[in-house]
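# Results of the structural survey
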Amino acid sequence: MMELLAFIVLIITIYLWIKNRRKEKLRIYLIEPYVKIDNPIPLCGAPDVVWINKQETLIVADYKNRFNVYDSDIIQLSVYRLLLEKTQRNKVARYGFIHLKNGKRVKVDLLSNDEVIKLYHRYQGITGGTVRTRYTNSAGYCQYCRYAGNCR
């Protein structure tokens, strides 16, 4: 019986050690920095936190007072990534973290800079009336959209 208990404790200890080794060790680099650029497109924003890892790579993160990650969160972090790439000397990771209300830290892959720029131009076209809107897969987005009546 004691051998079994010792074996279980050993297995749990090894599991926790491996799990801890996998977790990326991060330290705070910036907290809510206001960042602004004009090139390649005009953007500004303030990520909740920018982490830095052992390799000196910056990682953007945002805190949400909810339990789910939305596409808009990924777009938001992708914009922050572009802002940091243009204003900081360090490399910026192609992923970020969303910290949710339940304490979970969700790692998300970010859009490329080209995709962010394309979204910006699409938004400018929609608000300028040169691009027609289209329905989204999420009806919740349409609920508060002032352009919903223009969708095809």
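## Points about the environment of V131
Turning to its location among the elements, V131 is positioned in the loop between α3 (113–128) and α4 (139–143). Assessed through its relative accessible area of 29%, V131 is described here as partly exposed. Remark: the alpha-carbon pair of V131 and H121, spanning ten residues in sequence, is separated by 9.7 Å. Filtering out sequence-adjacent residues up to four positions away, V131 remains in contact with R122, G125 and I126.

## Some words on the sheet that holds strand β7 (residues 105–109)
Reading across from one edge, β1-β4-β5-β6-β7 is the order of the five strands in this open sheet, with mixed pairing throughout. The open sheet terminates on both sides in strands that have one partner only, identified here as β1 (27–31) and β7. Direction aside, the axes of adjacent strands within the sheet are offset by 30 degrees on average. Pairing analysis gives four bridges linking strand β4 (residues 49–52) to strand β5 (residues 58–63), with the strands arranged antiparallel. Each residue of the ladder has a partner; that of V50, found in β5, is V60. Contacts between helix α2 (residues 71–87) and the sheet are confined to β4, β5, β6 (95–99) and β7, with β5 contributing the most and set at about 145 degrees to the helix.

## A closer look at the nonpolar core
Grouped together as the largest cluster of nonpolar side chains are 23 residues, with contacts concentrated most on I41, L43, V60, L77, L82, L83 and V116. Of all the secondary structure elements, the ones that give two or more residues to this core are β2 (35–37), β4, β5, α2 and α3. If near-sequence neighbours (up to four positions away) are discounted, L77 is found in contact with V60, A61, D62, G96, F97, I98, V108 and L110. L26, V49, W51 and F97 belong to the second largest nonpolar core, which has eight residues in total.

## Description of the pairing of β4
Along any regular strand, the residues point their side chains to alternate faces of the sheet. The alternating pattern of β4 places V49 and W51 and V50 and I52 on opposite faces, both of which are buried. Two elements, β1 and β4, share four bridges in a ladder whose sense is antiparallel. Its bridge partner lying in β4, R27 is registered against I52. The loop that links β4 with its antiparallel partner β5 comprises five residues; one of these, E56, has a positive phi angle of about 65 degrees.

About the criteria used
- Residues numbered from 1 in each chain as written.
- Predicted model: local features only at pLDDT ≥ 70, side-chain atom pairs only at ≥ 80, totals over all residues.
- Heavy atoms only, no water.
- Helix = DSSP H or I, 4+ residues; strand = E, 2+ residues; numbered from the N terminus.
- Buried < 20%, exposed > 50% of the residue type's maximum accessible area, 1.4 Å probe, protein only.
- Contact = heavy atoms within 4.5 Å.
- Pairing = 2+ DSSP bridges.
- Axes fitted to C-alpha atoms, helices over the stretch in contact; angles between N-to-C directions.
- Core = buried A, V, L, I, M, F, W, Y, C linked by side-chain atoms within 4.5 Å.

By themselves these figures say nothing about function.
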